[in-house]
Amino acid sequence: VGRLRDKTAVFVDIGANCGSYTISIAGDLLAGSRVIAIEPNPEMVRRIQDNVALNGLGAQVEVLQVALGASDGTAELFLDERNFGESSLLGGHRRAGKSVTVKVRALSDIVGEIDDDVTFAIKIDVEGFEARVLVPFLKTTGRKPDLIMMETEHDDDWDEDLVQLLKDLHYTSVFDGEGNTLFHLTGQVH
């Protein structure tokens, strides 16, 4: 949060859950900033929308009920009924029961063109699906995010080594803790 305080930014919260990152960051950004909260679970989208309204952030925050992937389509979101924050597009023993069909879009279609004079930051926590969202985006986008806060504890579910790709693209890890890593694009933070 501190790296975005008092900046004009585009902040994309992928796997926004109830919106805790969205809410805390939206209030600290300068006018002209965009905050996009992306969450496929219909119940969590309702909670984010309530939290955005309760905090008076409706003008700053756009909430999208969609999952992200390599291309547009649909997918099954497997729900962890004990903890909605652990729901995922990846199945598994913890998510063997209930699922819901969700719309899927590519990240590049959502963020569009981002000016070089704003800070571009992504937070992504999608329970093992991080590589399938970010790899296609990072390989095709011209404007790379300045900051990426990513859940890395499910890297054994990744189909590509996303951390190595970030290193190859000149990202440096500046924080690592509680299963999350903050990557900074060397020489690019505004």
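My aim in this report is to walk through the structure given alongside it, one point at a time. Note that the structure is predicted; figures quoted are calculated from it, not measured.

1. Let's talk about the overall build of the protein chain
At step 1: Helix and strand content of the protein chain: five helices and 10 strands.
At step 2: Counting only C-alpha atoms and orienting by the principal axes, one finds that the protein chain spans roughly 45 × 40 × 30 Å.
At step 3: Split into buried and exposed, the 190 residues of the protein chain put 49% on the buried side.
At step 4: For the protein chain, the proportion of contacts with a sequence separation of at least 24, taken over those separated by at least 6, is 67%.
At step 5: In the structure as shown, the protein chain presents an accessible area of about 9100 Å², 46% of it carried by carbon and sulfur atoms.
At step 6: With 18 positive and 32 negative side-chain charges, the protein chain shows a spacing of 2 Å between the two charge centroids.

2. Some words on helix α2 (residues 42-54)
Structural remark: α-helix, 3.6 residues per turn; residues separated by three or four positions point the same way.
At step 1: For α2, spanning 13 residues, the distance from its first C-alpha to its last is 18 Å, which sits close to the expected 18 Å at 1.5 Å a residue.
At step 2: Considering only its buried residues, α2 is in contact with α1 (20-26), β2 (34-38) and β3 (61-64).
At step 3: A side-chain oxygen of the first residue of α2 lies 3.0 Å from the backbone nitrogen of E43; this N-cap is N41.
At step 4: In the segment just after α2, G56 is the residue with positive phi, at about 65 degrees.

3. Concerning the sheet that holds strand β9 (residues 171-177)
At step 1: Taken together, the seven strands give an open sheet; going across it, the order is β3-β2-β1-β7-β8-β10-β9, and neighbouring strands pair in mixed fashion. The open sheet has two free edges, formed respectively by β3 and β9, since each of these has just one partner strand. Within this sheet the neighbouring strands show an average axis-to-axis angle of 15 degrees, counted without direction.
At step 2: Bridge count between strand β1 (residues 9-14) and strand β7 (residues 119-124): six bridges; the pairing is parallel.

4. Concerning the packing of aromatic side chains
At step 1: What the rule picks out here adds up to one aromatic pair.
At step 2: Here F120 and F137 contribute two aromatic rings whose centre-to-centre distance is 6.3 Å and whose plane-to-plane angle is 85 degrees, an arrangement assigned as edge-to-face. Here F137 lies in helix α4 (residues 130-140) and F120 lies in strand β7, a separation of 17 residues in the sequence.
At step 3: Given a relative accessible area of 0%, F120 falls into the buried group.
At step 4: For F137, a relative accessible area of 3% translates into the label buried.

5. Some remarks on the nonpolar core
At step 1: In this structure, V12, I14 and L162 are the most contacted members of the largest nonpolar core, which totals 40 residues.
At step 2: If you tally residues by element for this core, the top one is α4, at six residues.
At step 3: Apart from residues no more than four positions distant in its own chain, V12 is found in contact with I36, I38, L107, V111, F120, A121, I122 and K123.
At step 4: Within the second largest apolar cluster, 18 residues are counted, among which are A9, F11, A26 and L29.

Procedures and definitions
- Residues numbered from 1 in each chain as written.
- Predicted model: local features only at pLDDT ≥ 70, side-chain atom pairs only at ≥ 80, totals over all residues.
- Heavy atoms only, no water.
- Helix = DSSP H or I, 4+ residues; strand = E, 2+ residues; numbered from the N terminus.
- Buried < 20%, exposed > 50% of the residue type's maximum accessible area, 1.4 Å probe, protein only.
- Contact = heavy atoms within 4.5 Å.
- Areas by Shrake-Rupley, 256 points an atom, 1.4 Å probe, with all protein chains shown as cover.
- Lys, Arg positive; Asp, Glu negative; His and termini not counted.
- Charge placed at Lys NZ, Arg CZ, Asp CG, Glu CD.
- Expected span 1.5 Å × (residues − 1).
- Polar contact = N/O pair within 3.5 Å; in protein donor to acceptor, adjacent residues only side chain to side chain.
- Pairing = 2+ DSSP bridges.
- Axes fitted to C-alpha atoms, helices over the stretch in contact; angles between N-to-C directions.
- Phe/Tyr/Trp six-rings, centres within 6.5 Å; stacked < 30°, edge-to-face > 60°.
- Core = buried A, V, L, I, M, F, W, Y, C linked by side-chain atoms within 4.5 Å.

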